[in-house]
Amino acid sequence: MTTLSPSAAGALPPAAPTRPQVRPPSLLVASGIVVRRNLIHIKRMPELLLDVTIQPVMFVLLFAYVFGGSIAVAGSSYREFLVPGIMVQTIVFSSFIVAIGLTNDLEKGIVDRFRSLPISRAAVLVGRSVSSLIHSSIGITVMALTGLLIGWRIRDGVLDAVAAFGLILLFGFGMIWVGITVGSWLRSVEAVNGFMFTVMFPLTFVANTFAPTQNMPHWLRVVAEWNPVSALTQATRQLWGNAPAAGSDAAWPLQHAPMMAVAWALLVTVVFAPLALAAFARRSRD
Amino acid sequence: MTDHPAVEAVDLVKHFGATVAVDGVSFSVPRGTVLGLLGPNGAGKTTTVRMLTTLSPPTSGTARVAGHDVRTEAAAVRRAMGLTGQAATVDELLTGRENLWLIGRLSGLSRRAVRPLGDDLLERFSLSDAADRVVKTYSGGMRRRLDLAVSLIASPSVLFLDEPTTGLDPRSRIDLWEVLRGLVRDGTTLLLTTQYLEEADQLCDDIVVIDHGRVLASGTPTQLKDQAGRASVVVTVSDPGRLDEAELLMRDCFAEVYVEPAARKLTAQARGLADVATIGQRFVAADIGVDDLGLARPSLDDVFLNLTGHRAEPDGPEPEADDDPDHQLEGAAR
Ligand SMILES: Nc1ncnc2c1ncn2[C@@H]1O[C@H](COP(=O)(O)OP(=O)(O)OP(=O)(O)O)[C@@H](O)[C@H]1O
Ligand SMILES: [Mg+2]
């Protein structure tokens, strides 16, 4: 079809006779192309990565050196306690990344452009999700390296360590649906920013991420310990050997942290995946 | 292949809540022809295009593109068509070449095919030099051209262009028209929306004028102009002092003469080209100097403004309901 057609300068190459062969790509191929496009964005604007690099590193340093001295942690050093917390915060914020990316594409008409092509509508979402997970994984890696520098260690077996990273990614998968829901529902990047900051900061702070829950007022402690973020944080700490299992005075989810981390991730997915698909379909309809 | 039109809209309606954006639009575009959807802001052009391109489901009515129903066979429609939306939808962080790669690959071109086709389009749209620059650095016109190039990457048989030349300078506009003519020569069907009458006149085989979501008129550019009335003889005298004299002179020949003193202009409805010669001789004989004398055919502007009523004041005698086209004056306009 398009074997040899050196473009003769000036001349209009006939479109009809040499109409190239087109075979609409499968969902997998289309998603891969979208992922590649999203990664080019990161390459062009490395500052997009600030949210998973400089920012959390700054958090680590702030907490470790400024507040660290005054936060007592049972059974381990504060720094060792802190690093898993920051990693969990990073993965929770992956919903933020998805939402911003999606809203941007919706606002700029890119989603409409994609929808006019012979590809599955899901390709935009799958591509966005995968690239956001890659984005967050870069952050997790940076956190792990920073952690190693300031004294965080993986103290248990390799299998447990891998399981902890697996839990983080699984949770990230759930958070992506939250991001798609928010990104489809809110109509501008500014709105997404405002909303996500308001929701994500309490969600990641009213938890055991940066300080133990034991010293919180009772009602807050209950809220914090039932916060899905806490179960995930506790689970990773346990699996990496950074903290002992939760005591019997902790809320039930914390006492069964690894299992509950999985359960919360699945629950978030089950609740938000249909919401996300509906919101996206509604947003990209008219 | 069967003998279906490239695009067929039947009684398309679109409501947005209480807003009726499109209110029963029907037309048909034969293959290999160009249809212009002409209408003022808010007429429903974009909404119509979005329904035809599967982006927005019609509230009622049906449409077929390349023989496929836009509602039930969206995938087949998408395979056959290309779309350039009203707002440029190129990816700002990608280079021109990467944009072509992205849409080309997603349209189903093979990795091998997409590169030469992209290079060729960059060349055709004079973007070769900027091919590897990030689109963010492009000028508005360059973006617009890239947007168009991108919609052509998979050589769609039906191409929808929503105000394709908005924001282009006159030179780029004419270049683009040339490209579009080339596409039509090669068998592509075009549906374009525009607010520029000249553009519709230049490019379109048929024009559908819409406003408030309704079709006001349709036909070839010539038919529409005939509908708007006959040509007129227009004389601009040099000396405003002799306007009265000139008017009397014109009244000898025409039943009705319309005078615009400020413009020193006299207008009368013409019966034919001979009128121009007669009037010319008379002015010479009477020794009344003229700046301009000629035949003015109603422009599509007149048609458009007549139909949509969006012009504040007419600047000539509005031809009344007199529509026998007993003479064709193509090309005689001054
Ligand atoms: N998504 C939407 N929600 C609500 N109203 C809409 C929507 N899209 C269009 N409209 C309304 O429908 C009408 C037609 O709009 P449309 O964009 O089709 O006009 P247009 O002819 O393309 O105008 P323009 O020349 O300004 O582009 C307008 O009154 C517009 O406000
Ligand atoms: Mg429009």
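Before reading further, recall that the structure is shown in the block above.
In this report, we go over the structure that sits alongside the text.

Rules of the game
- Residues numbered from 1 in each chain as written.
- Chains lettered and ligands numbered in written order.
- Predicted model: local features only at pLDDT ≥ 70, side-chain atom pairs only at ≥ 80, totals over all residues.
- Heavy atoms only, no water.
- Contact = heavy atoms within 4.5 Å.
- Buried area = accessible area lost by both parts, 1.4 Å probe.
- Salt bridge = Lys/Arg side-chain N within 4 Å of Asp/Glu carboxyl O.
- Helix = DSSP H or I, 4+ residues; strand = E, 2+ residues; numbered from the N terminus.
- Nonpolar A, V, L, I, M, F, W, Y, C, P; charged D, E, K, R; others polar.
- Donors = N, O, S within 2.8 Å, 3.2 Å for Na, K, Ca; no water.
- Buried < 20%, exposed > 50% of the residue type's maximum accessible area, 1.4 Å probe, protein only.
- 1 Å grid on protein atoms, 1.4 Å probe; cavity = no way out; pocket = protein on both sides within 12 Å on 5 of 7 lines; lining within 4 Å.
- Points joined across faces, edges and corners; volume = space filled by probe spheres on them.

In this section: the interface of chain B and chain A. In this assembly, 49 residues from chain B lie in contact with 39 residues from chain A. Carbon and sulfur atoms make up 61% of the area that chain B and chain A hide from each other, which totals about 3,800 Å². Ranking the residues of chain B by area buried against chain A places Leu93, Leu106 and Asp186 of chain B at the top, with a combined share of 17%. The interface formed by chain B and chain A includes 4 salt bridges. Between Arg50 of chain B and Asp112 of chain A there is a salt bridge, and its shortest N-O distance comes to 2.8 Å. Among the secondary structure elements, those contributing two or more residues to the side of chain B that touches chain A are β1 (7-16), α2 (74-80), β6 (81-84), α3 (96-106), α4 (111-124), α5 (140-152) and α6 (170-185) of chain B. With 6 residues, α3 of chain B is the single largest residue contributor to the side of chain B that touches chain A. Residues of the side of chain B that touches chain A, tallied by class, amount to 22 nonpolar, 11 polar and 16 charged.

Bringing the coordination of the magnesium ion (ligand 2) into the picture now. Residues and elements named next belong to chain B. At this site the magnesium ion (ligand 2) is bound by Thr46 (OG1) and Gln86 (OE1), with donor distances of 1.8 to 2.1 Å. In this pair, Thr46 sits in helix α1 (residues 45-52) while Gln86 sits in the loop between β6 and α3, placing the two residues 40 residues apart along the sequence. Accessibility expressed as a relative area gives 39% for Gln86, which makes it partly exposed.

Evaluation of the coordinates by the stated rule reveals 3 cavities of 30 Å³ or more. Approximately 60 Å³ is the volume attributed to the second largest cavity. Taken together, Arg37, Ile110, Arg113 and Phe114 of chain A together with Thr89, Val90, Asp91, Asn99, Leu102, Ile103 and Val150 of chain B make up the lining of the second largest cavity. Among the elements of the structure, α5 (110-115) of chain A together with α3 of chain B are those that each provide at least two residues to the lining of the second largest cavity. Residues belonging to the lining of the second largest cavity are distributed by class as follows: 6 nonpolar, 2 polar and 3 charged.

This part is about the pattern of salt bridges. Any two side chains of opposite charge can pair if their charged atoms end up close together. Evaluation of the coordinates by the stated rule reveals 23 salt bridges over all chains. Note that Asp249 of chain A and Arg221 of chain A form a salt bridge whose closest N and O atoms lie 3.2 Å from each other. Remark: Arg221 of chain A occurs in helix α9 (residues 218-226) and Asp249 of chain A occurs in the loop between α10 (228-240) and α11 (252-255); sequence separation between them is 28 residues. On the basis of relative accessible area, Arg221 of chain A is assigned to the buried category, the value being 13%. Arg97 of chain B is the salt-bridge partner of Asp132 of chain B, the closest N and O atoms lying 3.0 Å from each other. One end of the pair, Asp132 of chain B, is in the loop between α4 and α5; the other, Arg97 of chain B, is in helix α3, and 35 residues separate them in sequence. Taking the relative accessible area as the measure of exposure, Asp132 of chain B reaches 55% and is therefore exposed.

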